[in-house]
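Each chain, letter by letter, is given below.
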Amino acid sequence: MTYILALDQGTTSSRAILFDHGGAVAAVAQREFQQIFPRPGWVEHDPREIWASQISVAAEAMARAQAGVGDVAAIGITNQRETTVVWDRETGEPVCHAIVWQDRRTADICDRLKADGFEDLVRQRTGLVIDAYFSGTKIAWILDHVPGARAKAAEGRLVFGTVDSWLVWNLTGGRVHVTDVSNASRTMLFNIHTLAWDDDLLRMLDVPASLLPEVRASSEVYGRVAAGLGLDGVPIAGMAGDQQAALFGQMCVTPGMAKNTYGTGCFLLQNTGDRPVQSDNRLITTVAWKVGGRTEYALEGSVFIGGAVVQWLRDGLGLIRESTDVERLAATVPDNGGVYLVPAFAGLGAPHWDPYARGTIVGLTRGTGAGHIARAAVESIAYQVNDLLDAVHRDSGIALGELRVDGGAARNDALMQFQADLLGVPVVRPQITETTAIGAAYLAGLAVGFWGSQEEIVRQWQAERRFEPSMPRAEADRLLGRWHEALGRSKGWLNAGAQV
């Protein structure tokens, strides 16, 4: 067979990509779907629209490659993590819109859990911090706020899944209700040591166990596509949350290797091998994947606003017409002119976890121009990633040899050079930039023998460009010191009783 089909279900669009045996893209199709904002701080998706967009782009990619069912060895799925869907077991109909990972409506539930002393339990069992980011409180909110949902759940009539589970359910005609260990580890209900749903955590949030999918490895055959979808009988054989899939796609399969994805947010993961490393620096300990009976773990830090700060310059301030214009505008000034922008538009993620922080610009003078604002915005992305890697190093004790990068903003050469200068290690951009999708493809291909081993895949990975650090260390440290002063001014801007 010629191809692996990767279904890459993201926060703003669904994509399908066909990869050949050499890892090259044979065809790609993409479709955006609606972002729903019912109230400030709420973000929703229509699960039916997610499914419709995903199956349609799969058919479109197949058509573009002139591929038939017999050409596809397997399907791999990667997905926006933590986004929560609850649907009827019999009808397959969602009980409400999906609550997206960005949604902050359950911040008050998280505050209550912290006040009730659950932080240590959650951290020890799940590797996570208590935050509205994760799925568990979203499930509880749906059960408590959708009329009749709590009673139906108690009767075993409802099921929950992150987007991977929702796609597999629909692909198999409702026959298979599964997730993989990487997605399960993002729910705040999964014990990453026993690799099982945790009864104490289920009681904490009053979530019936009957809702939950079966947890499987990240690389195995879960089922086959039902008839009538254009992929009849193709095995679904790989699943991983988007950031874990990107870590695998970057072939960070040795402890200490790290990647950062520069997307709407930034997501940094470092492979820590077959043991979970407990974070003392407010990072997340997560399951990376389970392949061939071996479970590997990672430390993760998430920046909420990465490339989105460039979108804000474009849509909010009108400083640029296209996101790609930011590199040119930032290059019109020799330095940031003493301006620092902290893009805490949705609070601060790791390692700060401050939902009450807000965006801040400091250092403005009469001489400040649009170029300085653009430069400060771009540099803010690199500063935040640097803070994550500092925390990762303190937790793991492993010196970083290089940082592998992907995502839209990784195409910004000036940003990548600045990142290397701050870190003091090379930043490496791969030839194949579709790292999330190819990670899912690799996981599926390994399960069905399309690729014989991880070692075979490692040999395929190649760098497109290496950015070597060139800034004097004293200058990098000076810039970082000023950044941390600006960061301190953004924290706690809203008091704990204010709307977030």
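Presented here is a report on the structure given in the accompanying data block. (Residues numbered from 1 in each chain as written. Predicted model: local features only at pLDDT ≥ 70, side-chain atom pairs only at ≥ 80, totals over all residues. Heavy atoms only, no water.)

Points about the overall build of the protein chain
We count it as follows: Elements are defined by DSSP. Helices are runs of H or I of four residues or more, strands are runs of E of two residues or more, and each kind is numbered from the N terminus. What the globule rule says is 2.2 Å times the number of residues to the power 0.38, and the radius of gyration is computed from C-alpha atoms. Relative accessibility under 20% of the residue-type maximum defines a buried residue, over 50% an exposed one, and the middle range a partly exposed one, all with a 1.4 Å probe and only protein chains included. Contact between two residues is taken to exist if any of their heavy atoms lie within 4.5 Å; hydrogens are not considered. Here the open area of atoms and residues is found with the Shrake-Rupley method and a 1.4 Å probe, where only the protein chains shown may cover a residue. Under the convention used here, Asp and Glu are negative, Lys and Arg are positive, and both His and the chain ends fall outside the count. To locate a charge, the coordinates of NZ of Lys, CZ of Arg, CG of Asp or CD of Glu are taken.
Secondary structure assignment for the protein chain yields 16 helices and 23 strands. Here the C-alpha radius of gyration of the protein chain, 22 Å, is about what a compact globule of 500 residues would show, namely 23 Å. By principal-axis analysis of the C-alpha atoms, the protein chain measures approximately 65 × 50 × 45 Å. Sorting the 500 residues of the protein chain into buried and exposed places 60% on the buried side. Partitioning the intrachain contacts of the protein chain with sequence separation of at least 6 by distance along the chain shows that 72% fall at a separation of at least 24. For the protein chain, the accessible surface area stands at approximately 18400 Å², while carbon and sulfur atoms represent 49% of it. Taking the 45 positively charged and 57 negatively charged side chains of the protein chain as two groups, their mean positions are separated by 2 Å.

Description of the packing of aromatic side chains
The condition is simple: Each Phe, Tyr or Trp ring (for Trp, its six-membered ring) is paired with any other whose centre lies within 6.5 Å, and the angle between the two planes then decides the class: stacked below 30 degrees, edge-to-face above 60, tilted in between. For a Lys NZ or an Arg CZ to count as sitting over a ring, it must be within 6 Å of the ring centre and within 35 degrees of the ring normal.
Using the criterion set out here, one finds 17 aromatic pairs in the structure. Considering the side-chain rings of Trp101 and Phe267, the 6.0 Å spacing of their centres and the 75° angle between planes classify their relative orientation as edge-to-face. With Trp101 in the loop between strand S7 (98-99) and helix H2 (107-115) and Phe267 in strand S16 (residues 266-273), this residue pair connects regions lying 166 residues apart in the sequence. Pairing Tyr133 with Trp353 gives two aromatic rings, centres 6.4 Å apart and planes at 35°, and the pair type is tilted. In this pair, Tyr133 sits in the loop between helix H3 (119-126) and helix H4 (135-145) while Trp353 sits in the loop between strand S19 (340-342) and strand S20 (360-362), placing the two residues 220 residues apart along the sequence. Taken as a pair, Tyr133 and Trp353 share a single burial class, namely buried. By way of ring pairs, the aromatic residues Trp101, Tyr133, Phe134, Phe267, Phe304 and Trp353 are connected into one cluster. We note Arg105 situated over the ring of Trp42; from NZ or CZ to the ring centre the distance is 3.8 Å. Cation over ring: Arg404 sits above Trp461, and NZ or CZ is 3.6 Å from the ring centre.

Section: unusual backbone geometry
Cis geometry marks the peptide bond from Ala350 to Pro351, where omega comes out at -5°. Positionally, Pro351 belongs in the loop between S19 and S20. Here Glu82, not a glycine, exhibits a phi torsion of approximately 70°, which is positive. Its place among the elements puts Glu82 in the loop between strand S5 (72-79) and strand S6 (85-88). Residue classification places Glu82 among the buried positions, given a relative accessible area of 2%. The backbone of Asp206 shows a phi angle near 55°, a positive value even though the residue is not glycine. Overall, the relative accessible area of 47% leaves Asp206 in the partly exposed class.

A closer look at the packing of helix H9 (residues 242-249) against helix H14 (residues 435-448)
Let me state the cut-off plainly: Here the axes come from fitting lines to C-alpha atoms, over the contacting stretch only for helices, and the angles between their N-to-C directions go from 0 to 180 degrees. Roughly parallel means an angle under 35 degrees; roughly antiparallel means over 145; roughly perpendicular covers 65 to 115; every other angle is labelled oblique. Side-chain classes are defined by residue name, with Ala, Val, Leu, Ile, Met, Phe, Trp, Tyr, Cys and Pro counting as nonpolar, Asp, Glu, Lys and Arg as charged, and the others, Gly among them, as polar.
Where H9 meets H14, the axes come as close as 7 Å, and the angle between the chain directions of the two elements is 75°. With respect to their mutual orientation, H9 and H14 come out roughly perpendicular. Across the interface between the two elements, Asp242, Ala245, Ala246, Phe248 and Gly249 from H9 touch Thr435, Thr436, Ile438, Gly439, Ala440, Tyr442, Leu443 and Leu446 from H14. In the contact of H9 with H14, the residues fall into 8 nonpolar, 4 polar and 1 charged.

Concerning the sheet that holds S16
Pairing between the strands of a sheet comes from backbone hydrogen bonds, and it takes one of two forms, parallel or antiparallel. The test is simple: Strands qualify as paired when DSSP identifies two bridges or more between them.
Within the open sheet, the 7 strands sit side by side as S17-S18-S16-S15-S21-S22-S23. Their pairing is mixed. The open sheet has two free edges, formed respectively by strand S17 (284-291) and strand S23 (463-467), since each of these has just one partner strand. On average, each strand axis in the sheet is inclined to that of its neighbour by 30°, with strand direction left out of account. Bridging between S17 and strand S18 (residues 294-303) involves 7 bridges; their strand directions are antiparallel. Residue pairing in the sheet places Trp289 in a bridge with Glu296 of S18.

Observations concerning the pattern of salt bridges
Opposite charge on two side chains allows them to pair when their charged atoms are near. This is how it is decided: One side-chain nitrogen of Lys or Arg within 4 Å of one carboxyl oxygen of Asp or Glu is enough to make a salt bridge.
For the structure shown, the criterion picks out 36 salt bridges. Here Arg125 makes a salt bridge to Asp200, at a shortest N to O gap of 3.0 Å. Taken as a pair, Arg125 in helix H3 and Asp200 in helix H8 (residues 199-205) lie far apart in primary sequence, 75 residues in all. Residue classification places Arg125 among the partly exposed residues on the basis of a relative accessible area of 23%. What makes Asp200 partly exposed here is its relative accessible area of 30%. Residue Arg375 is joined to Glu379 by a salt bridge in which the shortest nitrogen-to-oxygen separation is 3.2 Å. Of the two residues, Arg375 and Glu379 are both situated in helix H12 (residues 370-396); the distance of 4 residues between them amounts to about one turn of the helix. Residue classification places Glu379 among the buried positions, given a relative accessible area of 6%. Each of Arg81, Glu82, Arg186, Asp242 and Glu300 takes part in salt bridges that share partners, so that together they form one network.

A look at H14
To keep it simple, the criterion reads: Expected span of a helix: the number of residues minus one, times 1.5 Å.
Spanning 14 residues, H14 covers 20 Å between terminal C-alpha atoms, matching the ideal 20 Å at 1.5 Å per step. In terms of burial, H14 is a largely internal element, 12 of the 14 residues being buried. Taken residue by residue, H14 has Thr435, Thr436, Ala437, Ile438, Gly439, Ala440, Ala441, Tyr442, Leu443, Ala444, Gly445 and Leu446 as its buried positions. Just downstream of H14, Gly449 is the residue with a positive phi angle, here 80°.

Comments concerning the sheet that holds strand S2 (residues 13-19)
A sheet is described by the order of its strands in space; here 6 strands give the open sequence S3-S2-S1-S5-S14-S13, paired in mixed fashion. Two strands in the sheet have a free side with no partner beyond their single neighbour: strand S3 (25-32) and strand S13 (219-224). Direction aside, neighbouring strands of the sheet carry axes that sit 25° apart on average. Here strand S1 (residues 3-9) pairs with S2 via 6 bridges, running antiparallel. Opposite Leu7, over in S2, you have Ala16 as the bridge partner.

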